[in-house]
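A look at the structure
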Amino acid sequence: MSGRDYDAIVIGAGHNGLTNAAFLAKAGLRVLVVEKNEYIGGATVSRELYDGWKYSNCSYVCSLFRPEIYNALDLGRHGLKVVPLTASMTFTQDGDYFGSYSEPNVRRRELMRHSPRDADAAVRFDADVMRWCRLIRGFLLRTPPDPGSLKPRDIFEFAYLLKKFHELSETQICEFIRFFTMSIAEYLENYFENETILAHYSGGSIIGTGLGVYSPGTAYVLLHHAMGDVDGNVGAWGFARGGMGAVSGAIASSFRALGGEIRTGADVEQILVAGRRATGVRLASGEEIRSGIVVSNLDARRTFTRIMDADDVPPALLERARKFKIRGSSGKLNIALDGMPTFPALPGGSPLTLGHMHFTDTLRRLERAYDDWKDDRWSADPYCDFLVPSQYDPTLAPPGKHMATVFVQYCPVEPEGGWTDEKRAAFGQTVIDQVAEYSPDFRDLILHAEIRTPRELEDEVGLTEGNIFQGELTFDQLLFNRPFPGYAQYRGPVRGMYMCGSSTHPGGGVMGAPGANAAREILRDLRRPDTTPAEYPDD
Amino acid sequence: MNIAREHFRQPLGRTPFHERMVALTTSEHWATWNGYKVPRIVDKLSIEYFAVRSGCAVMDLTPMEKYRIEGRDARAYLDRLVVRDLAKLRPGRVTYVAWCNDEGKLIDDGTLFQLDESRYRLCSQHHQLDWLLMSARGFDVGITVETHDVAALAVQGPTSYSVLSEAGIACLGDLKPFDVTRSDCAGIPLTVSRTGYTGDLGYELWMEPGDAEAVWDAIFAVRGRYDVHAMGLNALEMVRIEAGFVMPGFDFNTAEATVRNDHDRSPYEVGLGWVVNLDKGHFCGRKALAAEKARPPRRRLTKLVVDGNRPVGEAFVYAGRNGKQVGEVRCTTWSPILKANLALADIEFINGKLPEPLWARFDYQRELKWHTAWAECHAQSKPFYVPAHRSLTPPARY
């Protein structure tokens, strides 16, 4: 191993980079993770920006993280606890609300309160969504087959894919294709008639996308928010105790326990290549670190256009990377609160404050929010996902005080004339004003707010355009087309170079699956035993 | 139905009979049925079971889904909806029906009451409003959920006729099985049908929720002269298996709620072929059912008497002891009146025929220790228990 400082270098200490590194270390490799920031986590991070408060600065809830990875890396013993969230709701403009409760009888009665027919249709909706979830979940911890390849493994994986589809009836296969290509509004209108219920269930389908509720392809994004689970409760979301940084913290702890090293403040400038082989990385400081394996946790556009020499990337691939659909559309507010805000529409003691709270009650308002984004403006009436995790988690705020996390859709990559701090403050004010319409005391409780636009997400985390999924989750960029046709098996254009971020299958969300899948391919190329877990059977 | 925002404070609803049921219950063994809190056992299971078979049992039926279907096209609509020929249904009569999706898979079963020329009530186990409305396109028909607006009581057992007559309900003597009529109970108007889910003589009473307690009180006032017991879901489960009645969602998956392909069932497959009439004109699922009927049967929900007295519980069924696994028990009970283990089992046919002999393999516990047992099963074509007194008109007086 002369001339090599490490067996593998992973660029970026996001949750996928750390997951990837941990499985490589578990196979006995000497692994280094290099991270440009002084802290780890990427977009799975918690930071104390206001004394006594801890923010989950980017991702804020946990559902998709694969339990197989959780178990294989022993994350429970490394401090991770995911507490299930028990509700979601949408306030209506007429002073009422629709609540989605976790207790099935209450959930049904609340649906009936708004539409008896929709309450019954929810049975059909739940069964249909569960059918697609079961189908897609079977592919999360598998490498997508190359459909053009005749290698036995690709043929086997393609046969697995066909077998999964064969389990559906003819009608169901047609329905599945429709599901992948429809808009969420059209899809939901097959089930529901009530405007508030339609708006409530469609919100999850525009999160993180440059698409509107009526854009084809958004129905699938619903699945991306429904296929996770907390302890077998499919579709449930949870709070990581200590914020999302606890997820990356536990993976890092597991990685270190396996002998791995993490260097923060180490910004990779270049992936070094010699003789069509990756040979290491060069840091911005000029330091070179040698390794035969280099794995990029960066998004696909950044990986190929920023840290690889154009000579090392085939022109067609470079062109794909430049055109990769990775549009920033989301903002985020993290707010330190002097107390729990009240919501007069909610009866006292309502469990709905414990979950996701939304303020957009019609599809029309959601579509208008999108219209603003298309014109490079932040939504005047945005879709917000508002949560107060400190109600559960004592580590986020001092006793009696609270922390609110507000995910905001839509926020432009660059408003006309570019972002300024004033514009950022105005964007934050739009969001605060919307919440304050439903919570009169909210404004006065604010002690500090961190406002994040795609600019901050790109500058701090390194997500191109601030796209939270490292690339749109549309059918043209999924499965064997993620990130690009011919590059879906985690291997880059030169030997020894790999990708492990959310730009790869199965995509964004704090899932860990891309990191684990990439580790499987690397270990395969090294002829090392596979340390990554197989998916739990979902029969 | 007006639902308050505060409904979350009480996850389970209370039927109009709830306070009366609370007063009688000693077991505090409650169940959830369609969002309502109802007793699994009121007092003692054996007493409730024998109240149905030897005296009179009263059960709160309110949570059962009830739909009012009315209008000029109500009959045409229902004929298009259900698999059964409704030609013989007329005002004052009730019929058992089932309905399917386009693939001929069961969505639910239920009882259909014709209340007058153009007014019907459909009772079902599961929520059907979505499907009923979807099926109503092109028909001049009004469909309303009345589950929560109609209180319902089942009064079942050999002395139910005597008890209800004594309680002041007139004209019961003329009521034949599957008749329904308007009547009154001590001046309170109600609808009475000679129907039930127990396989015994019995009636179902339908009334305004505000009148529910008065009717209950009138019936229980008969106590002292006749033995009357409130009954919970567990006793009902025993008697409905004895009667050979299927329970959608438990004995088979209903099509709308089925996730996995081929886990739903057709009427033929659950032994409801006798309800299907392929010659009555078009109805939903007809084409698929006609095709299925032309093929050899793939599987049947089969009534089984399982040898021995060990509690069967969950069991696999095999073609021969240690033979090929061909099915699973869906529900089972010990029958106190037949002194036999009864089961309904989903059995895969071999070459279009029920495999024989059938054996069940199941696990049972004795003082914490698990044992495995094999028991031979005997398929039955008729309901396990059909007492002669159930269909006498007028019924026997006690």
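Fair warning: this is a prediction, and the values are worked out from it, not measured in the lab.

The rules behind these values
Residues numbered from 1 in each chain as written. Chains lettered and ligands numbered in written order. Predicted model: local features only at pLDDT ≥ 70, side-chain atom pairs only at ≥ 80, totals over all residues. Heavy atoms only, no water. Pairing = 2+ DSSP bridges. Helix = DSSP H or I, 4+ residues; strand = E, 2+ residues; numbered from the N terminus. Axes fitted to C-alpha atoms, helices over the stretch in contact; angles between N-to-C directions. Contact = heavy atoms within 4.5 Å. Buried area = accessible area lost by both parts, 1.4 Å probe. Salt bridge = Lys/Arg side-chain N within 4 Å of Asp/Glu carboxyl O. Parallel < 35°, antiparallel > 145°, perpendicular 65-115°, else oblique. Left-handed = near helix turned anticlockwise from the far one by under 90°. Phe/Tyr/Trp six-rings, centres within 6.5 Å; stacked < 30°, edge-to-face > 60°. Buried < 20%, exposed > 50% of the residue type's maximum accessible area, 1.4 Å probe, protein only. Expected span 1.5 Å × (residues − 1). 1 Å grid on protein atoms, 1.4 Å probe; cavity = no way out; pocket = protein on both sides within 12 Å on 5 of 7 lines; lining within 4 Å. Points joined across faces, edges and corners; volume = space filled by probe spheres on them. pLDDT = per-residue confidence, 0-100. Core = buried A, V, L, I, M, F, W, Y, C linked by side-chain atoms within 4.5 Å. Polar contact = N/O pair within 3.5 Å; in protein donor to acceptor, adjacent residues only side chain to side chain.

Residue and element names in this part refer to chain B. Ordered in space as β14-β17-β16-β15-β18-β19, the six strands form a closed barrel in which the pairing is antiparallel. Ignoring strand direction, the axes of neighbouring strands in this sheet form an average angle of 40 degrees. Here nine bridges tie strand β18 (residues 358–366) to strand β19 (residues 369–380), and the two strands are oriented antiparallel to one another. Bridge pairing in β19 places W359 opposite E376. Across the sheet, helix α7 (residues 233–242) is in contact with β16 (324–335) and β17 (340–348); its angle to β16 comes to roughly 120 degrees.

With that settled, the discussion passes to the interface of chain B and chain A. By a widely used convention, the size of an interface equals the accessible area lost when the partners come together. Residue-level contacts link 31 residues of chain B with 34 residues of chain A. Carbon and sulfur atoms make up 54% of the surface buried where chain B meets chain A, a total of about 2,600 Å² over both sides. Of all residues in chain B, the largest losses of buried area upon contact with chain A belong to R5(B), F8(B) and V259(B), amounting jointly to 25% of the total for that side. Along the contact surface separating chain B from chain A lie five salt bridges.

This next bit is on the packing of helix α2 (residues 45–54) of chain B against α7(B). All names here are of chain B. Two elements in contact, α2 and α7, have axes separated by 8 Å at closest approach and are oriented at 45 degrees. Classed by the angle they form, the pair α2 and α7 counts as oblique. Two packed elements cross with a definite hand, and for α2 against α7 that hand is right-handed. Facing α2, whose interface residues are L45, E48, Y49, V52 and R53, α7 presents N234, A235, M238, V239 and E242.

Residues and elements named next belong to chain A. Within this structure, the stated rule accounts for 43 aromatic pairs over all chains. Ring centres of F180 and Y220 lie 4.9 Å apart, and the angle between their planes is 10 degrees; on these two criteria the pair is classed as stacked. Note that F180 is positioned in helix α6 (residues 170–181) and Y220 in helix α9 (residues 218–226), a separation of 40 residues in sequence. A relative accessible area of 7% places F180 in the buried class.

Residues and elements named next belong to chain B. Reading across from one edge, β10-β11-β12-β9-β3-β13 is the order of the six strands in this open sheet, with mixed pairing throughout. The open sheet has two edge strands, β10 (180–185) and β13 (229–230), and neither has a second partner. As paired elements, strand β3 (residues 57–60) and strand β9 (residues 151–156) share four bridges and run antiparallel to each other. Across the sheet, residue M59 finds its bridge partner in β9, namely A154.

On to the pairing of β18(B). All names here are of chain B. Note: strand β15 (residues 315–319) against β18, five bridges, orientation antiparallel. Bridge pairing links Y318 to W359 in β18. From the end of β18 to the start of β19, which pair antiparallel, there are two residues, and E367 there has a positive phi angle of about 45 degrees.

Once that is clear, we can look at helix α1 (residues 15–26) of chain A. All names here are of chain A. Given a rise of 1.5 Å per residue, twelve residues ought to cover 16 Å, and the 16 Å separating the end C-alpha atoms of α1 matches this to within 8%. Burial within α1 is extensive, with eleven of its twelve residues counted as buried. Among all positions in α1, only H15, N16, G17, L18, T19, N20, A21, A22, F23, L24 and A25 are buried.

Over the atoms rolls a probe the size of a water molecule, and its path tells where empty space is left. All names here are of chain A. Evaluated as defined, the whole model comprises five cavities of 30 Å³ or more. By volume, the largest cavity amounts to about 60 Å³. Considering the residues around the largest cavity, the lining is formed by S56, Y60, F239, A240, G243, M244, P389, D393, L396, M403 and T405. Elements that contribute at least two residues to the lining of the largest cavity include exactly β10 (238–240) and β18 (402–409).

Bringing the environment of G471(A) into the picture now. Residue and element names in this part refer to chain A. With respect to the element layout, G471 can be found in the loop between α16 (454–461) and β20 (497–499). Considering only alpha carbons, one finds G471 and P483, twelve residues apart in sequence, at a separation of 7.8 Å. If near-sequence neighbours (up to four positions away) are discounted, G471 is found in contact with F324, K325, I326, Q477 and R482.

What follows deals with the environment of F252(B). All names here are of chain B. With respect to the element layout, F252 can be found in the loop between α7 and α8 (286–294). Accessibility expressed as a relative area gives 3% for F252, which makes it buried. Through-space distance from the C-alpha of F252 to that of I47 is 29 Å; in sequence the pair is 205 residues apart. Non-local contacts of F252, meaning those with residues more than four positions away in its chain, are made with L106, V246, M247, R265 and V270.

With that out of the way, let us pick up the confidence of the model for chain B. The predicted coordinates should not be examined in detail at positions where pLDDT is low. For chain B, per-residue confidence averages 97 on the pLDDT scale, and 100% of positions sit at 70 or higher. Taken over the whole predicted complex, pTM reads 0.95, whereas the ipTM for its chain interfaces reads 0.95.

All names here are of chain A. L24, V31 and F192 are the most contacted members of the largest nonpolar core, which totals 104 residues. Sort the elements by how many residues they give to this core and helix α4 (residues 116–137) lands first, with nine residues. Sequence-distant contacts of F192, that is, excluding residues within four places in its chain, are made with D118, A121, A122, F125, I197, L198 and Y201.

Let us now look at unusual backbone geometry. Here the amide bond leading from H505(A) into P506(A) is cis, since omega sits at 0 degrees, within 30 degrees of zero. Its place among the elements puts P506(A) in the loop between β20 and α17 (513–525). Omega for the peptide link from T393(B) to P394(B) comes to -10 degrees, which places this bond in the cis form. For P394(B), the position within the fold is in the segment after β19.

On to the side chain of N194(A). Looking at the secondary structure, you find N194(A) in the loop between α7 (184–189) and α8 (195–202). At 3.3 Å, the side chain of N194(A) and the backbone oxygen of H114(A) are in polar contact.

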